[in-house]
Amino acid sequence: MNSLSAKARAKIDGLGLLLLRLWVGQEFALAGFRKLSSGWEAPAWFAGLDFPIPVSWLPASLNWGIAGLAELVLGVALIIGLASRIAALGLIVITYVAVYSVHFDLGWAGWNQIDSDAGLGFKVPLMLGIMLAAIVSQGPGRWSLDRCCRR
C-alpha cells in the first residue's frame, strides 16, 4: 500500500505549482494585454495616481506601457514556467506598486465585490502576491521549462 501511495504522490508532484503558475500567469498576462490593447497612452485615472519612488519619476504613459508589457511577458513566462522565480519577483513588484497606488486606500474589499468599484480593494492583489511568493520560494514545480532545461 505504501508503494501505491508513493507512486500516486510521485505522479501528482508539482501539480499544485503548475495550477498556481497557470492561474496567476493568466491573470497577469490578461491584465497586461488589456493595458496594451487600449494603447500606450495612460488613461486619465492612471495618470492621476500617486506612485512610489522610483516609479513616480517616470511619465504616466511610460509607466502604463512598462506595466502592461511586464505583466504580459512575465505572465506568459509564469504560464510556461520559464525563469519562473524571476518572473514572480517582477510581478510582486508590480503588485506592490498597484497596491500602493490604487488598491490600499480602497480598503479590504474582495471577491464578492470584484466586478464593481467596491471590489478594488487590496484583498485580491494581496492574494496574488502571496501566490507569487509561493512560486518564488518553491520554484516552478516539475512541469515547467525551468525544470526541463535544468536536466
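Anyway, here's the lowdown on the structure attached to this text. These numbers were taken from a predicted model, which means no experiment stands behind them.

Let's shift gears to the packing of aromatic side chains. Each pair of aromatic rings is reported with the distance of its centres and the angle of its planes. The final tally for this structure, using the stated rule, is 5 aromatic pairs. Seen in terms of ring centroids, Phe 46 and Phe 51 are 5.1 Å apart; in terms of plane orientation they differ by 55°. Their pairing is tilted. Summarising the burial analysis for this pair, Phe 46 and Phe 51 share the class buried. Aromatic pair Phe 46 and Trp 64: ring centres 4.9 Å apart, planes at 75°, arrangement edge-to-face.

Moving on: the packing of helix 4 (residues 60–80) against helix 5 (residues 84–103). For the pair helix 4 and helix 5, the least separation of the axes is 9 Å and the interaxial angle reads 145°. Every pair of crossing elements has a handedness; the one defined by helix 4 and helix 5 is left-handed. Taken together, the residues of helix 5 that come into contact with helix 4 (itself represented by Ala 67, Ala 70, Glu 71, Leu 74, Gly 75, Ala 77 and Leu 78) are Ser 84, Ala 87, Ala 88, Gly 90, Leu 91 and Ile 94. When its residues are assigned to classes, the contact of helix 4 with helix 5 shows 9 nonpolar, 3 polar and 1 charged.

Along the chain, Pro 52 falls in the loop between helix 3 (44–47) and helix 4. Spatially, the C-alpha atoms of Pro 52 and Val 97 are 6.7 Å apart, while their sequence positions differ by 45 residues. Every residue in contact with Pro 52, bar those within four places of it in the chain, is listed here: Tyr 96, Val 97, Tyr 100 and Ser 101.

If you add up the space inside the second largest pocket, you get close to 150 Å³. Along the walls of the second largest pocket sit Leu 17, Arg 85, Gln 138, Gly 139, Pro 140, Gly 141, Arg 142, Asp 146, Arg 147 and Arg 150, which together make up its complete lining. At 3 residues, helix 7 (residues 145–150) tops the list of elements feeding residues into the lining of the second largest pocket. Residue composition of the lining of the second largest pocket, by class: 2 nonpolar, 3 polar and 5 charged.

Basis of the calculations
- Residues numbered from 1 in each chain as written.
- Predicted model: local features only at pLDDT ≥ 70, side-chain atom pairs only at ≥ 80, totals over all residues.
- Heavy atoms only, no water.
- Phe/Tyr/Trp six-rings, centres within 6.5 Å; stacked < 30°, edge-to-face > 60°.
- Buried < 20%, exposed > 50% of the residue type's maximum accessible area, 1.4 Å probe, protein only.
- Axes fitted to C-alpha atoms, helices over the stretch in contact; angles between N-to-C directions.
- Helix = DSSP H or I, 4+ residues; strand = E, 2+ residues; numbered from the N terminus.
- Left-handed = near helix turned anticlockwise from the far one by under 90°.
- Contact = heavy atoms within 4.5 Å.
- Nonpolar A, V, L, I, M, F, W, Y, C, P; charged D, E, K, R; others polar.
- 1 Å grid on protein atoms, 1.4 Å probe; cavity = no way out; pocket = protein on both sides within 12 Å on 5 of 7 lines; lining within 4 Å.
- Points joined across faces, edges and corners; volume = space filled by probe spheres on them.

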